[in-house]
Amino acid sequence: MTASASSGHIVPIPLPTPFIVGPVNAYLIRSEPLTLIDTGPATEDAYGALVAALRSHGFEIADLEAIVVTHSHVDHVGNLARLVDESGAITYGHRTAEVLPGDREAHEERTNTFILHTLSTFGAPQSVIDATAAARDSFKSMTSHVKLDEILEHGDQALGYSVHHVPGHSASDTLFFDQTRSIAFTGDH
């Protein structure tokens, strides 16, 4: 843990998911601008946990000024549209993470193809591939479109972080790295 994290500059916020993996973390960055890294799934449980965590640190959703998207999986971006509506926060993410309303179905199809192909390529049993395909169908109600105000490319700088597109876990995986403070954020790693 870095000095910044231990002093409360970075606040991990565990958000419940309905998935077998359990909760995911969002991170509140107590700086100017007040920043949230990822948003959790679009469930009332995750939203309530986020509201409670922010309040425990003296903030409300309306106080958020920036939201950073590490990748476009539902457990990381599901609440994005709701949070932006309530806060007016500026959104940041790699161009591959943006999913506009008219592109949602096509994005889900590309994501499913990517995930199922990756599982197959790495030799996952067919039962795992089939279970993953079935589970992906349940995700549709837990996300919204992902509209980015600041569309980032590999090598860009944003909010003091260098931006690195590192596809793997998802096609939109992005690493945000602040070399000066030795701080890095990326989803699910």
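This report concerns the structure included in the present document. The shown structure was predicted, so the numbers you read here are calculated from the model rather than taken from an experiment.

## Things to note about the sheet that holds strand β1 (residues 10–15)
Okay, so step 1: Read from one edge to the other, the open sheet built from six strands follows the order β1-β2-β3-β4-β5-β6, with strand pairing classed as mixed. One side of each edge strand has no neighbouring strand; the edge strands of this open sheet are β1 and β6 (150–152). Averaged over all pairs of adjacent strands, the angle between strand axes in this sheet comes to 20°, irrespective of strand direction.
Okay, so step 2: With four bridges joining them, strand β4 (residues 66–69) and strand β5 (residues 90–94) adopt parallel strand pairing. Across the sheet, residue Ala66 finds its bridge partner in β5, namely Ile90.
Okay, so step 3: On the sheet, helix α2 (residues 44–56) packs against β1, β2 (24–29) and β3 (35–37) and is oriented at approximately 150° with respect to β1.

## Some points on the pairing of β5
Okay, so step 1: In terms of residue burial, β5 counts as a mostly covered element, since four of its five residues are buried.
Okay, so step 2: The sheet contact formed by β5 and β6 spans three bridges and is parallel. Residue pairing across strands places His94 opposite Leu152, the latter belonging to β6.

## A word on the environment of Glu44
Okay, so step 1: Relative to the helices and strands, Glu44 resides in helix α2.
Okay, so step 2: Judged by relative accessible area, which is 55%, Glu44 ranks as exposed.
Okay, so step 3: The sequence separation of Glu44 and Pro16 amounts to 28 residues, and the corresponding C-alpha distance is 9.7 Å.
Okay, so step 4: At 2.9 Å, the side chain of Glu44 forms a polar contact with the side chain of Arg82.

## Let's talk about the nonpolar core
Okay, so step 1: Of all hydrophobic cores here, the largest spans 27 residues; its most connected members are Ile13, Leu28, Leu36, Leu50 and Leu54.
Okay, so step 2: Counting only elements with at least two residues in this core, the list comes to β1, β2, α2, β4 and α4 (80–87).
Okay, so step 3: Top contributing element to this core by residue count: α2, with six residues.
Okay, so step 4: Not counting residues within four places of it along the chain, the set of residues in contact with Leu36 comprises Ile13, Ala26, Tyr27, Leu28, Leu50, Leu64, Ala66, Ile67, Val68 and Leu83.
Okay, so step 5: Counting 13 residues, the second-largest nonpolar core is a separate cluster that includes Ile10, Ile37, Ala66 and Tyr161.

Rules of the game
Residues numbered from 1 in each chain as written. Predicted model: local features only at pLDDT ≥ 70, side-chain atom pairs only at ≥ 80, totals over all residues. Heavy atoms only, no water. Pairing = 2+ DSSP bridges. Helix = DSSP H or I, 4+ residues; strand = E, 2+ residues; numbered from the N terminus. Axes fitted to C-alpha atoms, helices over the stretch in contact; angles between N-to-C directions. Contact = heavy atoms within 4.5 Å. Buried < 20%, exposed > 50% of the residue type's maximum accessible area, 1.4 Å probe, protein only. Polar contact = N/O pair within 3.5 Å; in protein donor to acceptor, adjacent residues only side chain to side chain. Core = buried A, V, L, I, M, F, W, Y, C linked by side-chain atoms within 4.5 Å.

Take it as geometry only, folks, not as evidence of what the structure does.
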